[in-house]
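# Architecture at a glance
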Amino acid sequence: MRNFLVATLAAGLSILVPYAPAAEVARTEQVGDSYIYRTLDIYSGVEDGRYRWRITGVEPDRLIFDDGYWITDRLGNDLKLGIGAQISGMQFFVPELQPGKTWKSTYTHTRADGARYTIEYDFAVVGQEQVSVPAGTFDTWLIEGTGYIHQVSGLRHGKACDRHAVVKLWVAPDRVTRFVAENYTQRGAVIGCSHYYANTRTELVAFGPNADAVAGEANQPRDPHGHHSQIRTRPVTGLDDY
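The rules behind the values
Residues numbered from 1 in each chain as written. Predicted model: local features only at pLDDT ≥ 70, side-chain atom pairs only at ≥ 80, totals over all residues. Heavy atoms only, no water. Phe/Tyr/Trp six-rings, centres within 6.5 Å; stacked < 30°, edge-to-face > 60°. Helix = DSSP H or I, 4+ residues; strand = E, 2+ residues; numbered from the N terminus. Buried < 20%, exposed > 50% of the residue type's maximum accessible area, 1.4 Å probe, protein only. Salt bridge = Lys/Arg side-chain N within 4 Å of Asp/Glu carboxyl O. pLDDT = per-residue confidence, 0-100. Contact = heavy atoms within 4.5 Å. Polar contact = N/O pair within 3.5 Å; in protein donor to acceptor, adjacent residues only side chain to side chain.

We now examine the packing of aromatic side chains. Summed over the entire model, instances satisfying the criterion amount to 12 aromatic pairs. Judged by centre distance (5.4 Å) and plane angle (20 degrees), the rings of tryptophan 103 and phenylalanine 123 are stacked. Here the residue tryptophan 103 occupies a position in strand β9 (residues 102-110), and phenylalanine 123 occupies one in strand β10 (residues 116-133), the gap between them amounting to 20 residues. The exposure classification of tryptophan 103 matches that of phenylalanine 123, with both residues buried. Among the aromatic side chains, those forming a connected cluster through ring pairs are Phe92, Trp103, Tyr107, Tyr121 and Phe123.

Dropping the structure here:
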């Protein structure tokens, strides 16, 4: 089933333009394709790093990056992040997008150290925007989500280090499966826990089989949550080190 974008002509007439769902585009991805992103501070715009993920396996229902270090479904929702970490039920990306569409994502994230979190987001497609990033200019859907991260095990000092988060995702599934850009903010402060905040923008630099040649050398931290890097390379779940 296809979606349609509404295009307005100069005469004021509107036409429906076929829009390929993300699930259709994902089938074109191949082993060896890479995604390179850069991260910036939302407020200053200062770039603080780049990272790359390379596809090493393509299966009917999932994509495998870097020999299994990161695994997603074919829409881009995380299934596994890092060594020993597991995610169940995440749904940031859905196959059918249209203005005003809403959905809820409730899922669990279990870290390698045994700490477990329940995460809830309410998402809405709020409109369409043209976005320019280093990879080019894209006509995108803008998705906004507000969420709450609740720690249910692995507590510090017997207290849950809970956090509130807001995410904005610019996606163009007719051109690229992964997101084009993402803004992520997070706040959390509980007595006995460390204060935590994030204000990160992530932008697509290059993608496809020739991404490395286009983007130049990219940093590739070992962990998608920045455990071995000073940049927060996968802020989408917000579970960086505490």
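On we go from here.
Time to look at the pattern of salt bridges. Under the counting rule described, the total for this entry stands at 7 salt bridges. Linking arginine 38 and glutamate 47 is a salt bridge whose minimum nitrogen-to-oxygen distance equals 3.2 Å. According to the relative accessible area criterion, glutamate 47 is partly exposed, its value standing at 33%. A salt bridge links arginine 38 to glutamate 203; its shortest N-O distance comes to 2.8 Å.

Regions with low pLDDT should not have their predicted coordinates read in detail. Averaged over the protein, the pLDDT score is 76; the fraction of residues at 70 or greater is 70%. The low-confidence segment residues 1-27, where pLDDT is below 50, has 57 contacts with residues more than four positions distant or belonging to other chains. Scored below 50 in pLDDT, residues 220-242 makes 91 contacts in the model with residues more than four places away or belonging to other chains.

What follows is about the environment of threonine 140. Position of threonine 140 relative to the elements: it lies in strand β11 (residues 136-153). The buried category is assigned to threonine 140, whose relative accessible area is 3%. Each C-alpha atom, one on threonine 140 and one on phenylalanine 179, is 9.3 Å from the other, the two residues being 39 residues apart in sequence. Not counting the four nearest positions on each side in its chain, threonine 140 is found in contact with Gly127, Gln128, Glu129, Val131, Trp170, Val171, Ala172 and Val180. Polar side-chain contacts of threonine 140 include one of 2.8 Å to the backbone oxygen of glutamate 129.

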